[in-house]
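Coordinates in review
Chain residues, written in single-letter form:
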Amino acid sequence: MSEDRRLEVLRAIVEDYVSTREPVGSRVLTERHRLGVSPATIRNDMAALEEAGLIAQPHTSAGRIPTDKGYRLFVDRLAEVKPLSSPQKRAIETFLSQGVDLDDVIGRAGRLIAQLTGQVAVVQYPSLRRSGLRHLELVPVGSDRLLVVVITDTGRVEQRFLEVPSAPGADPLVLDDVVLAELRARLNAAASGKRLAELPAALAAVAARVEPAAAPLAALVAATVVDTLGEENEERIVLAGTANLARSSMRFEQGLRPVLEALEEQVILLGLLTEMALEPGVGPVAVRIGHENGLEGLTETSVVTSGYGPSSDDGGDAVAILGSIGPTRMDYPGTIAAVRAVARYLSRVLPS
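I will try to describe carefully the structure that is included in this document. Keep in mind it's a predicted model, so treat the numbers as computed, not measured. (Residues numbered from 1 in each chain as written. Predicted model: local features only at pLDDT ≥ 70, side-chain atom pairs only at ≥ 80, totals over all residues. Heavy atoms only, no water.)

1. Here's the deal with the overall build of the protein chain
Across its full length, the protein chain holds 12 helices and 10 strands. Per-residue burial for the protein chain yields a buried fraction of 48% across its 352 residues. Once local pairs closer than 6 in sequence are excluded, the contacts in the protein chain between residues at least 24 apart make up 61%. In the structure as shown, the protein chain presents an accessible area of about 16900 Å², 50% of it carried by carbon and sulfur atoms. (Helix = DSSP H or I, 4+ residues; strand = E, 2+ residues; numbered from the N terminus. Buried < 20%, exposed > 50% of the residue type's maximum accessible area, 1.4 Å probe, protein only. Contact = heavy atoms within 4.5 Å. Areas by Shrake-Rupley, 256 points an atom, 1.4 Å probe, with all protein chains shown as cover.)

Here you go:
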C-alpha cells in the first residue's frame, strides 16, 4: 500500500511542478491533492522517493522536483494520455488535408505540433530508402533524352534525366508513344506494392521481357529508379516552433544556447530520432528523458516521437518520424497525445 501511495505522491509532484514550475513541498501536496494521509506521512514518502533518486531538493528548505528517473517512472507507469477533443481532432485533419504538396504537408505538421505542445516540433521527411514506388512516368526530351519522374507512395517526387542508350549493333531506339507506353506500363506493373529491397529484381526482369532494342533503356531506367530510392543524402528534417524555447517558462539551468546548438546539428538529431524508433519494444510513441538522449545539449530536454506513414496505422512500417522537444518539465500526457494524433492524421493524408 505504501508503494502505491508513494507513486501517487510522485505523480502529484510531477503534475504540480509541470504546472507551477516551482519546487513542490509537503504542505502544497496536502492542500492540493486528496492523498488521504497526514502531512507527516507525505514527508516520509517524499524522503523515500528522494532516497530512491526519483525526486531531488534543488535548494535548502525548498520543495522537491522530479529527477530524470522520476519522470521516467511517471511516463512508464503513471501518465494518463490526455485524449484530444473532437474539435482538435477535426482541426488537425482539416489543416493537414489542405496541404498542396508534400513540402506543405510536412510544414503544416510541424506547425501543428509546435502549436499544440508549445515546444519545438521536428518532422522527418519520408525516407526514400523506406518508400515504395507509387508511379513512374517517362517523358521524352528531344530524340535522345528521357525524363524519368519517380513518385513514391509518400508523395515525394524525384526527377532524373537519362541519355537514351542503344543496343550494341542496333539502330538507335525511337522514343515514340508506343514504346514509352509499353515500357511505362511494364515498369509500373513490376513495381506495384514493392519496397526498395524488392525493386531491383522486379524492375530488372522487365528488361528481359521487352523487345531487344528497348532492353538497354529498360535496364537503365530500372537502375535509375533503384538508385534514386536508395539515396541516403535525401534524409532531412524540418524544425518548427524553435522560438518557443525563448519563453520564460522554458528555463534551462545551462541556458538556452546548448539546446539551440544541439538542434542545429540535424544529422545528429536525425540519428537520435532513428535510434528511438529502432528501440526494442517501443510502442507507437517513444520518449527519451534528459540524459537518456545521450546528447550534451539535450540533457535538460525530453524528446517525444512517433513514426508515420501510409500503412503505419495498420501495423506497417513507418516511413519517417516526427516529434516534440521541450524541457524535461513538460506536460508528458499532453505532448504524447499531440504527437501521436498528428502522426496518425499525417499518415492518413499521405498518398496510399
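2. A few points about the nonpolar core
By size, the foremost hydrophobic cluster in this structure holds 55 residues, and its most contacted members are Leu29, Tyr308 and Leu322. With 9 residues, the single largest contributor to this core is helix 12 (residues 332–349). In this structure, Leu29 is in contact with Val9, Ala12, Ile13, Asp16, Val24, Leu35, Ile42 and Met46, ignoring residues within four places of it in sequence. Listed in part, the 28 residues of the second largest apolar core include Leu133, Leu187, Leu217 and Ala222. (Core = buried A, V, L, I, M, F, W, Y, C linked by side-chain atoms within 4.5 Å.)

3. Quick notes on the packing of aromatic side chains
To describe a pair of aromatic rings, one takes the distance between the centres and the angle between the planes. Overall, the coordinates contain 1 aromatic pair when judged by the stated rule. Residues Tyr71 and Tyr332 carry aromatic rings whose centres are separated by 5.5 Å and whose planes lie at 45 degrees to one another, so their mutual orientation is tilted. Linking Tyr71 in helix 4 (residues 68–78) with Tyr332 in helix 12, this pair joins segments that are 261 residues apart in sequence. Exposure remark for Tyr71: the relative accessible area of 2% places this residue in the buried category. Above the face of the Phe95 ring, Arg108 is positioned so that its terminal group lies 4.5 Å from the ring centre. When the ring centre of Tyr125 is taken as reference, the NZ or CZ atom of Arg236 above it lies at 3.8 Å. (Phe/Tyr/Trp six-rings, centres within 6.5 Å; stacked < 30°, edge-to-face > 60°. Lys NZ or Arg CZ within 6 Å of the ring centre and 35° of its normal.)

4. Some remarks on the layout of surface pockets
By volume, the largest pocket is sized at about 550 Å³. Considering the residues around the largest pocket, the lining is formed by 21 residues, among which Tyr17, Ile65, Glu253, Glu300 and Arg329 are closest to the centre. Broken down by secondary-structure element, the contributors of at least two residues to the lining of the largest pocket are strand 2 (65–66) and helix 4. (1 Å grid on protein atoms, 1.4 Å probe; cavity = no way out; pocket = protein on both sides within 12 Å on 5 of 7 lines; lining within 4 Å. Points joined across faces, edges and corners; volume = space filled by probe spheres on them.)

5. Focus on the packing of helix 1 (residues 2–20) against helix 3 (residues 39–51)
Two elements in contact, helix 1 and helix 3, have axes separated by 10 Å at closest approach and are oriented at 85 degrees. One way to sum up the angle between helix 1 and helix 3 is to call them roughly perpendicular. Listed contacts from helix 3 to Arg5, Arg6, Val9, Leu10 and Ile13 of helix 1 are Thr41, Asp45, Met46, Ala48 and Leu49. Residue composition of the contact of helix 1 with helix 3, by class: 6 nonpolar, 1 polar and 3 charged. (Axes fitted to C-alpha atoms, helices over the stretch in contact; angles between N-to-C directions. Parallel < 35°, antiparallel > 145°, perpendicular 65-115°, else oblique. Nonpolar A, V, L, I, M, F, W, Y, C, P; charged D, E, K, R; others polar.)

6. A few points about helix 10 (residues 257–264)
Taken as a whole, helix 10 has its buried residues at Val259, Ala262 and Leu263. Taken around the axis of helix 10, the buried residues stretch over an arc of 100 degrees, which confines them to a single face. Along helix 10, exposed side chains directed more than 90 degrees from the buried face belong to Arg257 and Glu264. In this structure, the buried side of helix 10 is in contact with strand 3 (120–124), strand 7 (237–240), helix 11 (266–277), strand 9 (301–308) and strand 10 (320–327). (Arc of directions from axis to C-beta.)

7. Side note on the sheet that holds strand 10
Ordered by their spatial adjacency, 5 strands build an open sheet running 7-3-10-9-8, and the pairing between neighbours is antiparallel. A single partner strand is all that each edge strand has here, and the edge strands are strand 7 and strand 8 (286–289). Between one strand axis and the next, the sheet turns through 15 degrees on average, direction left out of account. (Pairing = 2+ DSSP bridges.)

8. Considerations on the pattern of salt bridges
Per the stated rule, a full pass over the model turns up 17 salt bridges. Put simply, Asp103 and Arg236 hold a salt bridge, and the shortest N to O gap is 3.8 Å. Highlighted residues: Asp103 in helix 6 (residues 102–117) and Arg236 in the loop between helix 9 (215–230) and strand 7, separated in sequence by 133 residues. Ionic pairing is found between Glu275 and Arg288, a salt bridge with its closest N-O pair at 2.8 Å. In this pair, Glu275 is assigned in helix 11 and Arg288 in strand 8, connecting sequence segments 13 residues apart. (Salt bridge = Lys/Arg side-chain N within 4 Å of Asp/Glu carboxyl O.)

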